[in-house]
Amino acid sequence: MTTYRTPGPRRDARRKYGRIVSHLPEESSAAIASTPRTMDVSEQARVLRSRWVLIAAVVVVGLVALAVFGRGPQAKYRATAVLVFTETGSPPRDAFVQDLTAAAALARTPLVTSRAAARLNALNTPAELAGKITARANLAANSVELTTADAYTSATKAQLLVSGFATELAGALGDQQGTLAKRASDAAVADQQTVAAQLKDVEGKLAAAAKAPIDQQEVLRAQRDALVRHLQDTTVNNLAVPRQQVLTPVGGATAVKADHSRLAPTTVPGWMLAAFVLAVLGCVIALIVERVEGRLRSRTGAERAFGLPVLAEVPPVDGDGVIAVAAPMSAAADAFRDLRTSLARLDQPPIRHGSRRGTQLEMTAAIVTSAGPNEGKTTTAVNLAATVAETGKTVLLIDCDMRHPEAHEHLGVDPGPGLSDVLLGSATLDQVAVLTAVPGVRLVSAGRPTENPAALLARQHDFVALARMLADFVVLDAPPLAVHDASELVWMADAVVIASRSGRTTIKAAEHVQEQLGLLGSPPGGVVFFTSAGVGGAADGDDGIRQTVVSGQPLPPLTPPAPQPDAPPLPPVVPPTPPPSPEPVGSGGGSIAYAPSGAVGVLARPAPPVARPTDGTDADSVDWATRAEPQEAGADSDTIRRQLALPARRVAGWAGTAALMVVLWFAIRAFLFQSFYIPSPSMAPALEPGDRVLVSKMSYRLHDVHRGDVVVFKRPPGLQGVGPEVKDLVKRVIGLPGDTVEARDGQVIVDGKTLTEPYVAKGAVTTSVAPTHIPANHYWVMGDNRNNSEDSRYFGSISQNLIVGRVFFQVWPVSQFGLV
């Protein structure tokens, strides 16, 4: 038989129902209470998909910022010209080195600088031009290297400068050699003439001294012989090939980029890597924004936030209205039917396979509310009423939202007297209940506006008791729980339905609803979750019969159904007869307790409930939610399906998370960062043996190598000193492409300037290194512990292709944790 709920004080209802979590099945409440409030992989993917605009904006803005502001100072170039020095006459090595050094020094003399200024049409003085180049004698290559002292923004300008100096230096040296040869020839001729004159004079004296003493004649003969020998030597020297020095340019001047800061990538792979990094950053920002903003976007998130099970997931629909009537075969309509069925099984113990069916349903009133406005509560209420009416039950929908009534708009009913009039005592529920276009559904609208609906509701007792006698099922369209009105209605219903919309309902508001319902001692409840994903086509296996609502097409207007000639007429609703005198609440017996008529004005004494047959063959013995959908006894497929699917979902979620972590680990290790172990003391004291460091692999895809960077590079081919097991080395960059590096007196000199090296170990001595020019795309690296480091002093400069990345962070030991 059908039982009716007796009205009573709110504390009795709270004592009866307790906290809302206690009415969930034991398995569901335990699962919800123990689930950590963190997003799983599916929720994260849903968040990223919903915030793709933010991620794309981060990528676009980041790339534009890199292109505009990340270029750094404009790239500058240094040019180098090489001239080979040759000298005829085969002088000894010491004389050759002296002549080579003198030829290099000639480049900065006024003889060359004045001619270079004229050749380049320079506005600078010869002295100023002399400061713009450096000239170095490369003894190993027997050459002179001219390099621009300053870096120029134009590679062509730098090349023209050193080319002009190289041409003028070669010409000046040739002219100097010609001048010196002519001067030597003129001096030799003058000397020969002088010696010849002296010889003639001595021979004259010797002829005149024929009768002189013998010793005087011997002196004159000795002078003559000396002059003759000197004249012969001078003649022989003039006939010999003179020594000649020549500087010959080798190829043209080459220009290399100087050290400069640049954040923007210089290659297509670099830009792709930058876009990938920005996309990852955008994903992180999107997750942070989602965490701060805290909006519900998934079923599991809604269950965790509300502490209630999700009774139905409603796909997106276009517009509002009674979807179950306008599009009865749509996925949204089926979702509301799921809500109807879930409400029927709410507050019942799980049905195991093979056991008998649970106790008969006694739920006859449900309240539909939400955490905030515009979350679909009215849509849920009208569609719940329509789906319940499909089973043949009569439904009374009461619009309790007297602040913003909307139920009459969904059902196509004109607003008129309603609940506020009933609570004020000017009408009865039966008088204000009007028929709607949905068969079996009557509506009690909100009624006339009132200034304080919360106070009006608070003064009344359970007016739902009479509503239960006017219909088989009562649906209360309550205001959002953000206002106090709904708190006055919760205790009157048998179930609470919370409408929530994906991307709109906040986690904070949902948790507040959970606390509020717990304090109110609300009856069992659940959530209707309006998803934001696109609605698919026909369901699999339905052969296209089950269709979805087409986006963009308005729902057809609801019109009252035309009476069928052979349809039975609706039973007339007989208003209850007011009792002659009120009875106290809880008076006992089979009658329903009610409040005095002066308090509510419409609660009349109902007729005694009609006894119903108890045999299982009566159609009325089947609950309203499953009348049109009978199920086999002993089987609860929905409960079993959810129980079986829950472990599978957890396993799939953990497996997806683990797979994603593995993929991310490989991607980070291959393209972003990698950990390295320091095996030797070559970088002491900065890095000691046993330290662990992180290396950034993307640094040099975004900018050039800087002097002073600590880099990890692959062992150069053919290097055997460090042992075959060591595949990667770590050193500090000392010289860049185009630099000339040398070491003398324990100091490193780059382009003629002594480096200040505070990182070198105390007491370490840098062995001497001959001046070495670093070619393009090569770098000179050395260890900080110069006494115990095999570096470019042994294997030369390293190619840029060997560099793995820049050491930027030390992770072990803990005492040295931080940036390198």
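What counts, and at which threshold
- Residues numbered from 1 in each chain as written.
- Predicted model: local features only at pLDDT ≥ 70, side-chain atom pairs only at ≥ 80, totals over all residues.
- Heavy atoms only, no water.
- Helix = DSSP H or I, 4+ residues; strand = E, 2+ residues; numbered from the N terminus.
- Buried < 20%, exposed > 50% of the residue type's maximum accessible area, 1.4 Å probe, protein only.
- Contact = heavy atoms within 4.5 Å.
- Areas by Shrake-Rupley, 256 points an atom, 1.4 Å probe, with all protein chains shown as cover.
- Expected span 1.5 Å × (residues − 1).
- Pairing = 2+ DSSP bridges.
- Axes fitted to C-alpha atoms, helices over the stretch in contact; angles between N-to-C directions.
- Parallel < 35°, antiparallel > 145°, perpendicular 65-115°, else oblique.
- Left-handed = near helix turned anticlockwise from the far one by under 90°.
- Nonpolar A, V, L, I, M, F, W, Y, C, P; charged D, E, K, R; others polar.
- Salt bridge = Lys/Arg side-chain N within 4 Å of Asp/Glu carboxyl O.
- Patch = residues over 30% accessible without salt bridge, like charges linked within 9 Å, V, L, I, M, F, W, Y side chains within 5 Å.
- Phe/Tyr/Trp six-rings, centres within 6.5 Å; stacked < 30°, edge-to-face > 60°.
- Lys NZ or Arg CZ within 6 Å of the ring centre and 35° of its normal.
- Arc of directions from axis to C-beta.
- Core = buried A, V, L, I, M, F, W, Y, C linked by side-chain atoms within 4.5 Å.

Draft legend 1. Region of the structure containing the overall build of the protein. Scanning the protein from N- to C-terminus turns up 24 helices and 25 strands. For the protein, buried positions account for 42% of its 820 residues. Put simply, of all contacts in the protein between residues at least 6 apart along the chain, 75% involve residues at least 24 apart. Accessible surface, the protein: about 41,800 Å² in total, of which carbon and sulfur atoms supply 58%.

Draft legend 2. Molecular detail of helix 5 (residues 93-105). Counted at 1.5 Å a residue, the expected span for helix 5 with its 13 residues is 18 Å, and the 18 Å between its end C-alpha atoms agrees. Where helix 5 is concerned, the buried positions are Ala95, Phe96, Asp99, Leu100, Ala103 and Ala104.

Draft legend 3. Structural view of the pairing of strand 22 (residues 778-782). Of all 5 residues in strand 22, 4 are buried; the element is thus mostly enclosed. For strand 17 (residues 728-735) and strand 22, the ladder comprises 3 bridges, and the chain directions are antiparallel. Of the residues in strand 22, the one forming a bridge with Arg732 is Met782. Where strand 22 lies against strand 23 (residues 798-799), 2 bridges are found, and the strand directions are antiparallel. Of the residues in strand 23, the one forming a bridge with Tyr779 is Ile798.

Draft legend 4. Structural view of the sheet that holds strand 20 (residues 753-754). Strand order in the open sheet formed by 4 strands is 20-19-18-21, with antiparallel pairing between adjacent strands. Both outer strands of the open sheet, strand 20 and strand 21 (769-773), are each paired with one neighbouring strand and no more. Pairing of strand 18 (residues 740-744) with strand 19 (residues 747-750), which is carried by 4 bridges, proceeds in the antiparallel orientation. Residue pairing across strands places Val741 opposite Val750, the latter belonging to strand 19.

Draft legend 5. Broad picture of the environment of Asp728. Within the secondary structure, Asp728 is located in strand 17. Judged by its relative accessible area of 28%, Asp728 is partly exposed. Each C-alpha atom, one on Asp728 and one on Leu802, is 9.4 Å from the other, the two residues being 74 residues apart in sequence. In this structure Asp728 touches Phe676, Val712, Phe713, Lys714 and Val804, once residues within four positions along its chain are discounted.

Draft legend 6. Quick look at the packing of helix 4 (residues 52-69) against helix 10 (residues 268-293). Helix 10 packs onto helix 4 with a crossing angle of 135° between their chain directions and a minimal axis gap of 8 Å. Relative to helix 10, the element helix 4 is oriented oblique. Regarding helix 4 and helix 10, the two cross each other, and that crossing is right-handed. Across from Leu54, Ile55, Val58, Val59, Gly62, Leu63, Leu66 and Ala67 in helix 4, the residues of helix 10 making contact are Trp271, Ala274, Ala275, Leu278, Ala279, Gly282, Cys283, Ile285, Ala286 and Val289. Looking at side-chain class alone, the contact of helix 4 with helix 10 contains 16 nonpolar, 2 polar and no charged residues.

Draft legend 7. A look at the environment of Val474. On the secondary structure map, Val474 appears in strand 11 (residues 473-477). We classify Val474 as buried; its relative accessible area is 0%. A sequence separation of 89 residues divides Val474 from Ala385, and the C-alpha atoms of the two residues are 8.1 Å apart. If near-sequence neighbours (up to four positions away) are discounted, Val474 is found in contact with Thr364, Ala365, Ala366, Leu396, Ile398, Val464, Ala467 and Arg468.

Draft legend 8. Inspection of the pattern of salt bridges at higher detail. Following the criterion strictly, the structure yields 22 salt bridges and no others. Put simply, Arg221 and Glu218 hold a salt bridge, and the shortest N to O gap is 3.4 Å. With a gap of 3 residues between them, Arg221 and Glu218 both fall in helix 9 (residues 214-239), about one helical turn apart. Look at Arg221 and you get partly exposed, because its relative accessible area is 29%. Between Arg448 and Asp421 there is a salt bridge; the shortest N-O distance is 2.6 Å. Residue Arg448 is found in the loop between strand 10 (441-444) and helix 18 (453-458), and its partner Asp421 is found in helix 16 (residues 419-424); the two are separated by 27 residues along the sequence. Residues participating in the shared-partner salt-bridge network are Arg115, Arg119, Glu168 and Asp175.

Draft legend 9. Here's a closer look at a nonpolar patch on the surface. Taken together, Phe276, Val280, Val284, Ile288 and Val292 make up a surface patch of nonpolar side chains, about 440 Å² in accessible area. By relative accessible area, which is 69% here, Val292 ends up exposed.

Draft legend 10. Representation of the packing of aromatic side chains in the model. For the structure on display, the rule yields 5 aromatic pairs. Here the aromatic rings of Phe808 and Phe809 are separated by 6.2 Å at their centres, their planes lie at 50°, and the arrangement is tilted. Through a chain of ring-to-ring contacts, three or more aromatic side chains come together here, namely Phe808, Phe809 and Phe817. Across from the ring centre of Phe530, 4.9 Å away, lies the NZ or CZ of Arg501, which sits over that ring. The side chain of Arg732 reaches across the aromatic face of Tyr759, ending 4.1 Å from its centre.

Draft legend 11. How the structure looks around helix 4. The end-to-end C-alpha distance of helix 4 is 25 Å, a good match for the 26 Å that 18 residues give at a rise of 1.5 Å each. Along helix 4, the positions that sit buried rather than exposed are Ile55, Val58, Val59, Gly62 and Leu66. Projection of helix 4 onto a plane perpendicular to its axis shows the buried side chains occupying an angular sector of 95°, all on one side. Facing away from the buried side of helix 4 by over 90 degrees, the exposed positions are Val61 and Phe69.

Draft legend 12. Structural detail: the nonpolar core. Grouped together as the largest cluster of nonpolar side chains are 48 residues, with contacts concentrated most on Phe306, Ile398, Phe463 and Ile498. If you look at the next biggest cluster of nonpolar residues, it comprises 38 residues, including Ala312, Val314, Val413 and Val475.

Draft legend 13. Structural context of the packing of helix 13 (residues 331-345) against helix 14 (residues 377-390). Packing of helix 13 against helix 14 leaves a shortest axis separation of 9 Å and a crossing angle of 75°. Relative to helix 14, the element helix 13 lies roughly perpendicular. Residues Ala333, Phe336, Arg337, Leu339, Arg340 and Leu343 of helix 13 form the contact with helix 14, whose participating residues are Thr379, Thr380, Asn383, Leu384, Thr387, Val388 and Glu390. Taken together, the residues of the contact of helix 13 with helix 14 break down into 6 nonpolar, 4 polar and 3 charged.

Just distances and angles here, no functional claims.
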